Amino acid sequence: MTKIAAQPAVPSLALRAVRDEDGVAVAGLIAACFAEYDGCLFSWDEFPELKAPAAWATTRGTRFWIATGLDGELAGCICATPEAGSMVELHKFYVASHLRGSGLADMLLGSVFDLARETAASAIFLWTDTRFTRAHGFYEKHGFVRQAGSRLLHDLSDTTEFHYRRELP
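Keep in mind it's a predicted model, so treat the numbers as computed, not measured.

### Comments concerning the pairing of strand E7 (residues 160-167)
Working step 1: The sheet contact formed by strand E5 (residues 123-129) and E7 spans 7 bridges and is antiparallel. By the bridge assignment, Ile124 is partnered in E7 with Arg166.
Working step 2: Summarising the sheet, strand E6 (residues 145-152) and E7 pair through 5 bridges and their orientation is antiparallel. Bridge assignment links Val145 to a residue of E7, and that residue is Arg165.

What follows is the structure, given as structure tokens:
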């Protein structure tokens with residue numbers, strides 16, 4: 001089984017818990033990531049939790065982290081929600097395009113692995129848009145295995161998602 005090595009801090013970036021006032025910036029990051037793919041559209045109607053992301057995360061028991069530059073600009077985000085059956089769901093994982101390959105995604109993913117250890121989770125799972133092929137490679141590089149089947153979201157983008165899972169020691 002692949003292990004995630006401790007990653008050095010990404011220069012000039014800080015990781016912190018999301019605040020409610022970060023919602024517009026997070027929405028902008030997600031919209032920018034969606035815009036990289038044909039037919040992948042962002043709508044506030046499909047992300048109402050971003051109007052108050054810290055409050056949303058608290059009510060769900062979700063950890064929602066963002067990475068910001070020294071200038072305060074949002075560089076990336078990730079969420080992790082402990083689920084019944086000692087699992088952790090990874091979601092809302094986005095990195096600004098100019099920072100992909102910088103180690104930021106590894107740093108964000110490390111936060112999810114830390115939470116999984118804290119909660120004694122046996123696995124981490126996620127759903128990802130079938131169009132996000134670069135993300136699929138990232139997940140697979142980090143030991144996630146694509147599961148059988150897919151799901152349809154019936155959303156504005158007509159999204160189909162793949163299911164990935166990584167067992168933990």
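Next, the rest of the story.
### Looking at helix H1 (residues 23-34)
Working step 1: With 12 residues, H1 should cover 16 Å at 1.5 Å per step; its first-to-last C-alpha distance of 16 Å lies within 8% of that length.
Working step 2: Looking at the buried positions of H1, the neighbouring elements they touch are helix H2 (53-60), strand E2 (63-69), strand E3 (74-83) and strand E4 (87-95).

### What to know about the nonpolar core
Working step 1: In this structure, Phe64, Leu90 and Phe93 are the most contacted members of the largest nonpolar core, which totals 49 residues.
Working step 2: With 9 residues, the top contributor of residues to this core is helix H3 (residues 104-118).
Working step 3: Not counting residues up to four positions away in its chain, the partners in contact with Phe64 are Arg16, Ala17, Val18, Val26, Leu50, Pro53, Trp56, Ala57, Cys77, Ile78, Cys79 and Lys92.

### Considering H3
Residue pairs three or four apart in sequence face the same way in an α-helix, which turns once every 3.6 residues.
Working step 1: Compared with the 21 Å implied by 1.5 Å per residue over 15 residues, the 21 Å span of H3 between its first and last C-alpha is a close match.
Working step 2: Judged by how many residues are buried, H3 sits mostly within the fold: 12 of 15 residues are covered.
Working step 3: Taken together, the buried positions of H3 are occupied by Leu104, Ala105, Asp106, Met107, Leu108, Leu109, Gly110, Ser111, Val112, Phe113, Leu115 and Ala116.
Working step 4: Phi turns positive one or two residues past the end of H3, at Ala120, with a value near 55 degrees.

### Observations concerning the sheet that holds E3
Working step 1: What the 7 strands build is an open sheet, ordered E1-E2-E3-E4-E5-E7-E6; its pairing is mixed. The sheet is open, and its two edges are formed by strand E1 (13-17) and E6, each paired on a single side. Neighbour-to-neighbour, the strand axes of the sheet open up by a mean angle of 25 degrees, direction not taken into account.
Working step 2: Together, E4, E5 and E7 form the strand contacts of helix H4 (residues 133-141), whose direction differs from that of E5 by roughly 165 degrees.

### With respect to unusual backbone geometry
Working step 1: Here the phi dihedral of Lys92 falls at roughly 50 degrees; this positive angle occurs in a residue that is not glycine.
Working step 2: Among the secondary structure elements, Lys92 is positioned in strand E4.
Working step 3: The class of Lys92 is buried, set by a relative accessible area of 13%.
Working step 4: With a phi close to 55 degrees, Asp158 is a non-glycine residue in the positive phi region.
Working step 5: Mapped onto the secondary structure, Asp158 falls in the loop between E6 and E7.
Working step 6: With a relative accessible area of 60%, Asp158 lands in the exposed category.

What counts and how
- Residues numbered from 1 in each chain as written.
- Predicted model: local features only at pLDDT ≥ 70, side-chain atom pairs only at ≥ 80, totals over all residues.
- Heavy atoms only, no water.
- Pairing = 2+ DSSP bridges.
- Helix = DSSP H or I, 4+ residues; strand = E, 2+ residues; numbered from the N terminus.
- Expected span 1.5 Å × (residues − 1).
- Contact = heavy atoms within 4.5 Å.
- Core = buried A, V, L, I, M, F, W, Y, C linked by side-chain atoms within 4.5 Å.
- Buried < 20%, exposed > 50% of the residue type's maximum accessible area, 1.4 Å probe, protein only.
- Axes fitted to C-alpha atoms, helices over the stretch in contact; angles between N-to-C directions.

Just geometry here; none of it tells us what the structure is for.
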